[in-house]
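# Summary of the model geometry
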Amino acid sequence: MVELRFKRTSTNFTLYTMESQNEDNLITGNSKPVHIKIRNRGRKQITSVIGLSEVYDLKKIMGYYRKKMGCIGSIKDHDVYGRILVLSGDQRQDISEFLYNQGIADKEEITVHGG
């Protein structure tokens, strides 16, 4: 397991839906663990992010991450895991830092597999 070392920064955009805000206008957060996995597909690697809460707008998260990091990604519907983020390349460290810095998940909720 990879130890995460980074600090949280503030953001000026909204990655969550209005239903996820409480009366103080704060994000309620992710309630289940987020798993970041890598797999090989031929010569290429694919990073999967599993377990993000349904209150977040995954299209906004994916769009912002693609622009910020310059990688290709998509949202897939999985029979067992629900909606997952699929990113090209080994994005494990970058996506874990992104999720923590944007306040989507805490360090204790993020589990990085592989490596």
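Refer to the preceding data block for the structure.
Notes on the structure in this doc start here. (Residues numbered from 1 in each chain as written. Predicted model: local features only at pLDDT ≥ 70, side-chain atom pairs only at ≥ 80, totals over all residues. Heavy atoms only, no water.)

## Quick look at the overall build of the chain
To be explicit about the condition: Runs of H or I in DSSP of at least four residues are treated as helices and runs of E of at least two as strands, each being numbered from the N terminus. Using a 1.4 Å probe on the protein chains alone, a residue whose accessible area is under 20% of its type maximum counts as buried, one over 50% counts as exposed, and one in between counts as partly exposed. Between two residues, a contact is recorded if the distance between any of their heavy atoms is within 4.5 Å. The accessible surface values rely on the Shrake-Rupley method and a 1.4 Å probe; as for residues, cover is taken only from the protein chains in view.
In terms of helices and strands, the chain carries two helices and five strands. Going residue by residue from the N terminus, the α and β elements of the chain occur as β-β-α-β-β-α-β. Across the 115 residues of the chain, 37% fall into the buried class. Long-range pairs, those at least 24 residues apart, make up 60% of the contacts in the chain with a sequence separation of at least 6. As presented, the chain carries roughly 7400 Å² of accessible surface, and 47% of it is formed by carbon and sulfur atoms.

## Re helix α1 (residues 58–69)
Basically, it comes down to this: Expected helix span is taken as 1.5 Å per residue step, with the number of steps being one fewer than the number of residues.
In this model, α1 (twelve residues) spans 16 Å end to end at C-alpha, consistent with the 16 Å of a helix rising 1.5 Å per residue. Along α1, the positions that sit buried rather than exposed are Leu58, Ile61, Met62, Gly63 and Tyr65.

## As for the side chain of Thr47
Just so we agree on the cut-off: Any pair of nitrogen or oxygen atoms within 3.5 Å is treated as a polar contact; in protein, a donor-acceptor pairing is required on top of that, and neighbouring residues in sequence qualify only through side-chain atoms on both sides.
Locating Thr47 in the fold gives a position in strand β2 (residues 44–50). Side-chain polar atoms of Thr47 contact the backbone nitrogen of Gln91, separated by 3.0 Å. Ignoring sequence-local partners within four residues, the contact set of Thr47 consists of Ile36, Lys37, Ile38, Leu85, Val86, Leu87, Gly89, Asp90, Gln91 and Arg92.

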